[in-house]
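Listed below, chain by chain, are the residues.
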2 protein chains.
Amino acid sequence: MAAAAPPPPPTPAPSAPTGLPDSDSTPVGHPLFARIRLATPLDIPHIHKLIHQMAIFEKLTHLFTATESSLASTLFKSPPFLSFTIFLLEVSSHPFEKDLNFHSQSFTPIERIFNLDHSLIDPEAETFKNGINGDVVVAGFVLFFPNFSTFLGKPGFYVEDLFVRECYRRKGLGKLLLSAVASQAVKMGYGRVEWVVLDWNVNAIKFYEEMGANVLPEWRICRLTGPALEAYRDAI
Amino acid sequence: MAAAAPPPPPTPAPSAPTGLPDSDSTPVGHPLFARIRLATPLDIPHIHKLIHQMAIFEKLTHLFTATESSLASTLFKSPPFLSFTIFLLEVSSHPFEKDLNFHSQSFTPIERIFNLDHSLIDPEAETFKNGINGDVVVAGFVLFFPNFSTFLGKPGFYVEDLFVRECYRRKGLGKLLLSAVASQAVKMGYGRVEWVVLDWNVNAIKFYEEMGANVLPEWRICRLTGPALEAYRDAI
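Read on for a plain summary of the structure. None of the values given here were measured: they were computed from a predicted structure.

**Focus: the interface of chain B and chain A**
Argument step 1. Taken together, the contacts link 74 residues of chain B with 74 residues of chain A.
Argument step 2. Roughly 7,100 Å² of surface becomes buried between chain B and chain A when both sides are summed, with 63% attributable to carbon and sulfur atoms.
Argument step 3. Put simply, chain B and chain A have four salt bridges between them.
Argument step 4. For the salt bridge of Asp199 of chain A with Arg220 of chain B, the shortest nitrogen-to-oxygen distance reads 3.4 Å.
Argument step 5. Linking chain B with chain A are 33 residue pairs in polar contact (both at pLDDT 80 or more), by the criterion used here.
Argument step 6. With eight residues, helix α3 (residues 173–187) of chain B is the single largest residue contributor to the side of chain B that touches chain A.
Argument step 7. Tallied by class, the residues present in the side of chain B that touches chain A amount to 46 nonpolar, 14 polar and 14 charged.
Argument step 8. Bridge analysis of strand β8 (residues 219–225) of chain A against strand β7 (residues 214–216) of chain B gives three bridges, and the strand direction is antiparallel. In the sheet register, Cys222 of chain A faces β7 of chain B, and the bridge partner there is Val215 of chain B.

What follows is the structure, given as structure tokens:
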């Protein structure tokens, strides 16, 4: 939507699909229009800020060394879904204008309308404003990539990060992002979607189990990194 | 090595590098020549048998549905290291002949000589015999693929499977396979190598920690698969 365009009435765009339990085709009160699309290199500044917020939330800023430059040099090097892939979540108080730049052979943006009881104030709206569209802001992202199950003999998706900014949480947007990955996996004939959760995060575990996931109790992650990894430079 | 060639004397091939604690440049007693090379589609029958043995070892045959066909349709679709990649471990009682088919721009085969106290009997030598070379047998494999750390802002490798056939275990071959992946990660500027281990497998945990890995106590794997995943087909 162009910045100068007058705000349309709060009715759904004809193209807005419905279907999730927490969305409805007749917005009343305070509609929040949400769109999931493939991220592009132009989104890197916003993605970098979202990752930094995630590191703060997880109290892991000491592990955060990513820069816009390091992301730019490693992401978007392959066609979508074949390697590291990012779905960006954008929200707006108005319907999204159809932007064919975001439509591709591999993915058509997903749109939903969430009807909120109260109007929502985004204290970071200016920081996460989308450069092109008037009141569109970036609200979250999910980064995933193919993994492989030798037992199934087929690929799956591993979800590395799923993040929704604080003021947009508990509205079904995280579920929408994860559902989008799961749906894409099914469409591609993949066998699994996997991710990790902290064992003390009971709310997250409950949420994931309600989405149909099993939490595997016995497996532990092994990680070789830093100087311990560097030691293998000349080991072979 | 051609099947009809006479066995050479048990001296190291000039090109055989050394360096691992459990290898030595002067084989005495019972040398075992080991080679790690990139697998090719021709190796799929052997890889399929190795995966099946792994499923038996892990008592997970109920999860084993891979076929040679499913492996052939999903593996070897990208250049090495950019997606699912397999290092194959071959062993022989004689030095390997230089096979330029296995040399590529992206990876030069790794060779080591392991000096064993006793001669080794492989009860499955016929099953795992390499079709081209006389007494070369496939002894194991490691399957890995890129993952991505948003905090580091760079890729790593995730090791999905590491398997060495029973009669070749406890000789340093598993360590050689994992070291090959770690070394490749360092060469590519990657930040981490990760894999998972069962929490009751104390021997494996000790082995991995000795290789420099940390076992992360708090993270749990979430898995969406089967009908629970299939339910997302029409959710979006």
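**Some details on the sheet that holds strand β7 (residues 214–216) of chain A**
Argument step 1. One open sheet accounts for eight strands, arranged β3(A)-β1(A)-β2(A)-β4(A)-β5(A)-β6(A)-β8(B)-β7(A); its pairing is mixed. The two strands at the open ends of the sheet, each matched to only one other strand, are β3 (110–116) and β7 of chain A. With strand direction ignored, the average angle separating the axes of adjacent strands in the sheet is 30 degrees.
Argument step 2. Relative to strand β5 (residues 154–164) of chain A, strand β4 (residues 137–149) of chain A runs antiparallel, the two being bridged by 10 bridges. Its bridge partner being in β5 of chain A, Asn147 of chain A is matched across the sheet by Gly156 of chain A.
Argument step 3. Docked against the sheet, helix α1 (residues 44–57) of chain A engages β2 (85–92), β4 and β5 of chain A, running at close to 80 degrees with respect to β4 of chain A.
Argument step 4. Against the sheet, helix α4 (residues 202–210) of chain A makes contact with β5, β6 (192–198) and β7 of chain A together with β8 (219–225) of chain B, and its axis sits at roughly 165 degrees relative to β6 of chain A, the strand it touches most.

**What about the pattern of salt bridges?**
Argument step 1. Taken as a whole and judged by the stated rule, the model has 20 salt bridges over all chains.
Argument step 2. A salt bridge links Glu126 of chain A to Lys129 of chain A; the shortest N-O distance between them is 3.7 Å.
Argument step 3. Accessibility expressed as a relative area gives 62% for Glu126 of chain A, which makes it exposed.
Argument step 4. You can call Lys129 of chain A partly exposed: its relative accessible area is 37%.
Argument step 5. Close ionic contact of Lys206 of chain B with Glu210 of chain B constitutes a salt bridge, the shortest N to O distance being 3.1 Å. Here Lys206 of chain B and its partner Glu210 of chain B are both found in helix α4 (residues 202–210), four residues apart, which amounts to about one turn of the helix.
Argument step 6. A relative accessible area of 58% places Glu210 of chain B in the exposed class.
Argument step 7. One salt-bridge network, held together by shared partners, links Arg35, Arg37, Asp43 and Glu90 of chain A.

**Brief notes about helix α1 (residues 44–57) of chain B**
Residue and element names in this part refer to chain B.
Argument step 1. Its 14 residues give α1 an end-to-end C-alpha distance of 20 Å, which sits within 8% of 20 Å, the value for a rise of 1.5 Å per residue.
Argument step 2. For α1, every residue scored as buried is listed here: Ile44, His46, Ile47, His48, Leu50, Ile51, Gln53, Met54 and Ala55.
Argument step 3. On its buried side, α1 packs onto α2 (68–74), β2 (85–92), β4 (137–149) and β5 (154–164).
Argument step 4. The first or second residue beyond α1 is Lys59, which carries a positive phi of 55 degrees.

**Remarks on the sheet that holds β8 of chain A**
Argument step 1. One open sheet accounts for eight strands, arranged β3(B)-β1(B)-β2(B)-β4(B)-β5(B)-β6(B)-β8(A)-β7(B); its pairing is mixed. Whereas interior strands pair on both sides, the edge strands pair on one side only; in this sheet they are β3 (110–116) and β7 of chain B. In this sheet, adjacent strand axes meet at a mean angle of 30 degrees when their direction is disregarded.
Argument step 2. Where strand β1 (residues 30–38) of chain B and β3 of chain B come together, seven bridges link them in antiparallel fashion. Counterpart to Ala34 of chain B in the pairing with β3 of chain B is Arg112 of chain B.

**Section: the state of the cysteines**
Argument step 1. Applying the stated criterion across every chain yields a total of zero disulfides over all chains.
Argument step 2. Of all cysteine sulfurs, the one in Cys222 of chain B lies closest to Cys222 of chain A, which takes part in no disulfide; the gap is 18 Å.
Argument step 3. The exposure class of Cys222 of chain A is buried, given its relative accessible area of 0%.

**Let's talk about the relation of the copies chain B and chain A**
Argument step 1. Least-squares fitting of chain B to chain A yields an RMSD of 0.0 Å, with the superposition described by an axial translation of 0.0 Å and a rotation of 180 degrees. Such a combination of turn and shift is consistent with a two-fold rotation axis.
Argument step 2. When the interface residues of chain B are mapped onto chain A, 100% of them again fall at the interface, so both copies present the same face.

What counts and how
Residues numbered from 1 in each chain as written. Chains lettered and ligands numbered in written order. Predicted model: local features only at pLDDT ≥ 70, side-chain atom pairs only at ≥ 80, totals over all residues. Heavy atoms only, no water. Contact = heavy atoms within 4.5 Å. Buried area = accessible area lost by both parts, 1.4 Å probe. Salt bridge = Lys/Arg side-chain N within 4 Å of Asp/Glu carboxyl O. Polar contact = N/O pair within 3.5 Å; in protein donor to acceptor, adjacent residues only side chain to side chain. Helix = DSSP H or I, 4+ residues; strand = E, 2+ residues; numbered from the N terminus. Nonpolar A, V, L, I, M, F, W, Y, C, P; charged D, E, K, R; others polar. Pairing = 2+ DSSP bridges. Axes fitted to C-alpha atoms, helices over the stretch in contact; angles between N-to-C directions. Buried < 20%, exposed > 50% of the residue type's maximum accessible area, 1.4 Å probe, protein only. Expected span 1.5 Å × (residues − 1). Disulfide = S-S within 2.5 Å. Least-squares fit on C-alpha atoms with pLDDT ≥ 70 in both.

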